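Secondary and tertiary structure notes
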Amino acid sequence: MDSEQLSGELATILYTEAQLKARLEELAREIEADYPGEPPLLVGVLKGAIMVMADLSRELRFHAQMDWMVVSSYGAGTKSSGVVRILKDLDADITDRDVLIVEDIVESGLTLSWLKENFLSRGARSVKIVTMLRKPELAKVEITVDYVGYDIPPDFVVGYGLDYAEDYRNLRDVAVLAPHMYEKK
Ligand code: PRP
């Protein structure tokens with residue numbers, strides 16, 4: 001879906017499909033340089049990470065094995081607790097493997113902080129993180145994000161995997177949702 005089709009629903013386009021692709025190419029070159037030996041296992045956190053995973057993995061010039069996690073915070077309104085429930089676990093054994101977590105967005109950092117510790121406790125050799133977007137102003141925990149596409153303000157953004165009530169994930173660009181879209185619901 002293109003932004004033009006949604007012009008009344010979006011406030012501004014933050015990054016176009018072409019800009020996202022160009023930035024991912026830069027990140028892919030950095031990642032390749034950092035893993036000269038055995039390639040890392042890419043772990044996507046569903047659902048938001050699907051677009052980043054699809055584009056990044058195809059851009060990488062090494063065999064990129066993929067695995068997926070589905071996680072959820074315990075109960076509604078407790079996202080800030082940092083407690084994460086695993087709804088779908090990894091298929092792969094990550095003992096002694098280098099893991100690269102692939103995310104669409106880092107906000108509080110709680111999900112990734114928990115996941116990183118979880119993977120290390122399972123014996124991963126290393127755990128790094130790549131995210132397309134990050135909202136530094138919403139950070140609640142200090143966490144090293146190794147590869148960041150863009151730092152953005154704490155606006156309500158949608159597209160490129162990011163949803164509002166499950167819509168907009170298939171928007172090609174990243175855009176700020178018009179306030180009237182979420183105020184009316
Ligand atoms: C988003 C995103 C991260 C998490 C980041 O997922 O994909 O997993 O939130 O937030 P945090 O830094 O505050 O922990 P979301 O829970 O919206 O699920 P989704 O990917 O299925 O949309």
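The structure reproduced in this document is the subject of the present report. Quick caveat, the model's predicted, so the values are computed rather than measured. (Residues numbered from 1 in each chain as written. Predicted model: local features only at pLDDT ≥ 70, side-chain atom pairs only at ≥ 80, totals over all residues. Heavy atoms only, no water.)

Read across the sheet, six strands follow the order β4-β3-β2-β5-β6-β7 without closing on themselves; strand pairing throughout is mixed. Looking along the sheet, the strands with just one partner apiece sit at the ends: β4 (84-88) and β7 (147-151). Going across the sheet, the axis of each strand differs from the next one's by a mean of 30°, ignoring polarity. Contacting β5 (98-106), β6 (126-134) and β7, helix α1 (residues 17-34) runs over the sheet at an angle of about 155° to β7. Sheet strands in contact with helix α3 (residues 110-121) are β2 (41-46), β3 (66-73), β4, β5 and β6, and its direction is about 170° off that of β5. (Pairing = 2+ DSSP bridges. Helix = DSSP H or I, 4+ residues; strand = E, 2+ residues; numbered from the N terminus. Axes fitted to C-alpha atoms, helices over the stretch in contact; angles between N-to-C directions. Contact = heavy atoms within 4.5 Å.)

Attention shifts here to the packing of α1 against helix α2 (residues 50-59). Their axes nearest at 9 Å, the elements α1 and α2 cross at an angle of 55°. Compared by their axis directions, α1 and α2 come out oblique. The chirality of how α1 crosses α2 is right-handed. Mapping the contact onto sequence places Leu24, Glu25, Ala28, Arg29, Ile31 and Glu32 in α1 and Val52, Asp55, Leu56 and Glu59 in α2. Of the residues in the contact of α1 with α2, the class split is five nonpolar, no polar and five charged. (Parallel < 35°, antiparallel > 145°, perpendicular 65-115°, else oblique. Left-handed = near helix turned anticlockwise from the far one by under 90°. Nonpolar A, V, L, I, M, F, W, Y, C, P; charged D, E, K, R; others polar.)

Keep in mind these values describe shape, not function.
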